[in-house]
Amino acid sequence: MLVLITYDVNTETEAGKRRLRKVAKQCVNYGRRVQNSVFECILDAAQCVKLKAILEEIIDTKADSLRFYYLGNNYKTRVEHVGVERGIAVDDILIL
């Protein structure tokens with residue numbers, strides 16, 4: 001399923017800046033960045049639970065926020081994009 005993950009991490013302190021980097025690094029491991037604090041991730045149920053737990057461990061719930069949008073398996077009809085595309089689509093084949 002496609003999960004859209006957005007986050008807002010308070011970066012007024014050095015600890016906040018570290019949390020921001022850690023959140024972004026974990027999201028990159030599971031999907032692709034589509035905007036500064038927005039990631040598209042194709043996940044199965046187990047991966048989704050694991051990533052959510054990892055991110056919840058990183059953030060400070062009193063200063064930061066996470067949002068998960070579950071778009072399901074039929075997401076291609078629910079996502080519309082206008083403008084410059086960042087990289088390849090999250091579900092495209094990548095040959096190295």
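The structure this text deals with has already been given above.
First things first, this report covers the structure right here in the doc.

Analysis parameters
- Residues numbered from 1 in each chain as written.
- Predicted model: local features only at pLDDT ≥ 70, side-chain atom pairs only at ≥ 80, totals over all residues.
- Heavy atoms only, no water.
- Pairing = 2+ DSSP bridges.
- Helix = DSSP H or I, 4+ residues; strand = E, 2+ residues; numbered from the N terminus.
- Axes fitted to C-alpha atoms, helices over the stretch in contact; angles between N-to-C directions.
- Contact = heavy atoms within 4.5 Å.
- Phe/Tyr/Trp six-rings, centres within 6.5 Å; stacked < 30°, edge-to-face > 60°.
- Buried < 20%, exposed > 50% of the residue type's maximum accessible area, 1.4 Å probe, protein only.

Comments concerning the sheet that holds strand β2 (residues 31-35)
Stage number 1. Strands sit in the order β2-β3-β1-β4 across an open sheet of four strands; the sheet is antiparallel. Each having just a single partner strand, β2 and β4 (65-72) make up the two edges of the open sheet. Strand-to-strand twist in this sheet, taken as the mean axis angle between neighbours without regard to direction, amounts to 25°.
Stage number 2. Relative to strand β3 (residues 38-42), strand β1 (residues 2-8) is paired through five bridges, and the arrangement is antiparallel. Bridged to Thr6 within β3 is Val38.
Stage number 3. Against the sheet, helix α2 (residues 45-58) engages β1, β3 and β4, with an angle of about 170° to β4.

A word on the packing of aromatic side chains
Stage number 1. For the structure shown, the criterion picks out two aromatic pairs.
Stage number 2. Ring centres of Phe68 and Tyr70 lie 6.4 Å apart, and the angle between their planes is 10°; this geometry places the pair in the stacked category.

What about the environment of Phe39?
Stage number 1. By the secondary structure assignment, Phe39 is in strand β3.
Stage number 2. Note on Phe39: relative accessible area 0%, which makes it buried.
Stage number 3. Separated by 29 residues in the primary sequence, Phe39 and Phe68 have C-alpha atoms spaced 9.8 Å apart.
Stage number 4. If sequence neighbours within four positions are ignored, Phe39 has contacts with Val3, Leu4, Ile5, Tyr7, Ala24, Cys27, Val28, Gly31, Arg32, Arg33 and Val34.

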